[in-house]
Amino acid sequence: MMKFHQRAFNRHFNEVMDWLIQSHELGYDSLYKDIDSIESSFDSKQMSCLTFQNKTVGFATWRLQDRVAFVELFEIHPEYRNKGLGKEFFSKLTSFFISRGIYVVQLRFISDESEAFWTKMGFLKFKGNDFPSVTEKHLYKVIIECQKPILETPSESYLEIWDNNCMSSNKPSLTAYNLVFKNNAPGELALPIVTPCHYDWAMRFTVNGNASTVLKTKYFDFIKYYPNFMIIESL
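These remarks concern the structure in this document. All values reported here derive from a predicted model rather than from experimental measurement.

### A look at the packing of aromatic side chains
Working definition: an aromatic ring pair is given by the centre-to-centre distance plus the angle between the planes.
Thinking step 1. Tallied over the full model, the rule gives 23 aromatic pairs.
Thinking step 2. Ring geometry for W19 against F59: centres 5.6 Å apart, planes inclined by 75°, an arrangement best described as edge-to-face. Linking W19 in helix 1 (residues 10–25) with F59 in strand 3 (residues 55–65), this pair joins segments that are 40 residues apart in sequence.
Thinking step 3. The exposure class of W19 is buried, given its relative accessible area of 6%.
Thinking step 4. Residues F117 and W118 carry aromatic rings whose centres are separated by 4.8 Å and whose planes lie at 75° to one another, so their mutual orientation is edge-to-face.
Thinking step 5. Judged by relative accessible area, which is 24%, F117 ranks as partly exposed.
Thinking step 6. Through a chain of ring-to-ring contacts, the aromatic side chains of F4, F74, F89, F90, F117, W118 and F123 assemble into a single cluster.

Put into structure tokens, the structure is as follows:
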């Protein structure tokens, strides 16, 4: 039976260490170089493990910042890959993050194989410019139920976002979201909007057909900012 351990216990941690050391001694590409980082995550209780048939077969290290989880390492033992364990492990890790109030997960893939895995898990590449800490190898996934970007004609109430490369109402917005309010009146949104955004980007709200001026996002005081993301829960 597969089991998920929200916190790595000493036995699971030691099994991970043995696995990485053995892989290194056999000359396999492994995360041996990250042992110090893994130990630090274990000490700070930011490590989770996966066991299968009473053996530790996977682990993840992570850190939480406000509403964002940064997955730093995610590994399945080579002998147990391609068995669906990675998918189940991440699903359980996601449930744990949600229980801690996390809205979105960010990570960095290290190979074409890992990119393919994370894409299958629903991760997306960042759109737009001016993310100081984001590279082309970074991906993200919103893990709570939220408002989806507009793909067709917007409703009478919607939000538009421009990045610094197209910061003008005369150019198409980078992305847009319908504003669906509880009780059909401005206030709390029926679903939050969670999206990559920089505080120097520009936004415009249209509510019941009446458009605001285009302003930088940092001037809207009801918006919550997290590393590389913007969360709107009410207007």
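### Topic: the sheet that holds strand 10 (residues 188–196)
Thinking step 1. With antiparallel pairing, the three strands of this open sheet are ordered in space as 10-15-14. Whereas interior strands pair on both sides, the edge strands pair on one side only; in this sheet they are strand 10 and strand 14 (224–226). Within this sheet the neighbouring strands show an average axis-to-axis angle of 15°, counted without direction.
Thinking step 2. The pairing of strand 14 with strand 15 (residues 229–234) spans three bridges and is antiparallel. Across the sheet, residue Y225 finds its bridge partner in strand 15, namely M230.

### Looking at the environment of T135
Thinking step 1. Note on placement: T135 falls in the loop between strand 6 (124–125) and strand 7 (138–142).
Thinking step 2. With relative accessibility at 40%, the residue T135 sits in the partly exposed group.
Thinking step 3. On a C-alpha basis, the gap between T135 and R108 in space is 8.4 Å, while along the polypeptide they are 27 residues apart.

### Re helix 3 (residues 85–99)
Thinking step 1. For helix 3, with 15 residues, the first-to-last C-alpha span of 21 Å sits near the 21 Å given by 1.5 Å per residue.
Thinking step 2. Regarding helix 3, the residues found buried are L85, G86, F89, F90, L93, T94, F96 and F97.
Thinking step 3. Just downstream of helix 3 lies G101, where phi reads positive at about 85°.

### Examining the pairing of strand 7
Thinking step 1. Strand direction decides the pairing type here: strand 5 (residues 104–108) and strand 7, joined by five bridges, are antiparallel. Each bridged residue has a counterpart across the sheet, and for V105 the counterpart in strand 7 is K141.
Thinking step 2. Sheet topology places strand 6 next to strand 7; two bridges connect them, and they run antiparallel. Residue pairing for strand 7: K125 is matched across the bridge by L139.

### A closer look at the pattern of salt bridges
Opposite charge on two side chains allows them to pair when their charged atoms are near.
Thinking step 1. All chains considered together, the criterion is met by 10 salt bridges.
Thinking step 2. It is possible to trace a salt-bridge network through shared partners that takes in D200, K216 and K218.

### Focus: unusual backbone geometry
Thinking step 1. With a phi angle near 60°, D66 is a residue other than glycine that sits in the positive phi range.
Thinking step 2. Under the relative-accessibility criterion, D66 is labelled exposed at 52%.
Thinking step 3. One non-glycine residue, N228, adopts positive backbone phi at about 70°.

### Thoughts on the nonpolar core
Thinking step 1. In this structure, F97, W118, L159, M203 and I232 are the most contacted members of the largest nonpolar core, which totals 54 residues.
Thinking step 2. If we skip the residues at most four places from it in the chain, L159 touches T175, A176, Y177, L179, I193, M203, R204, F205, M230 and I232.
Thinking step 3. Within the second largest apolar cluster, 14 residues are counted, among which are M17, W19, C49 and L73.

### Topic: the side chain of H5
Thinking step 1. Here H5 lies in strand 1 (residues 2–5).
Thinking step 2. Engagement of the side chain of H5 in a polar contact is seen with the side chain of H12, the distance being 3.4 Å.
Thinking step 3. If near-sequence neighbours (up to four positions away) are discounted, H5 is found in contact with H12, S48, C49 and T51.

### Looking at the environment of F181
Thinking step 1. Summarising the element assignment, F181 is placed in the loop between strand 9 (175–178) and strand 10.
Thinking step 2. Among all residues touching F181, those that are not within four sequence positions of it are S157, P186, G187, E188, L189, A190, V207 and L235.

What counts and what doesn't
- Residues numbered from 1 in each chain as written.
- Predicted model: local features only at pLDDT ≥ 70, side-chain atom pairs only at ≥ 80, totals over all residues.
- Heavy atoms only, no water.
- Phe/Tyr/Trp six-rings, centres within 6.5 Å; stacked < 30°, edge-to-face > 60°.
- Helix = DSSP H or I, 4+ residues; strand = E, 2+ residues; numbered from the N terminus.
- Buried < 20%, exposed > 50% of the residue type's maximum accessible area, 1.4 Å probe, protein only.
- Pairing = 2+ DSSP bridges.
- Axes fitted to C-alpha atoms, helices over the stretch in contact; angles between N-to-C directions.
- Expected span 1.5 Å × (residues − 1).
- Salt bridge = Lys/Arg side-chain N within 4 Å of Asp/Glu carboxyl O.
- Core = buried A, V, L, I, M, F, W, Y, C linked by side-chain atoms within 4.5 Å.
- Contact = heavy atoms within 4.5 Å.
- Polar contact = N/O pair within 3.5 Å; in protein donor to acceptor, adjacent residues only side chain to side chain.

Functional significance is not addressed by these values, which are geometric in nature.
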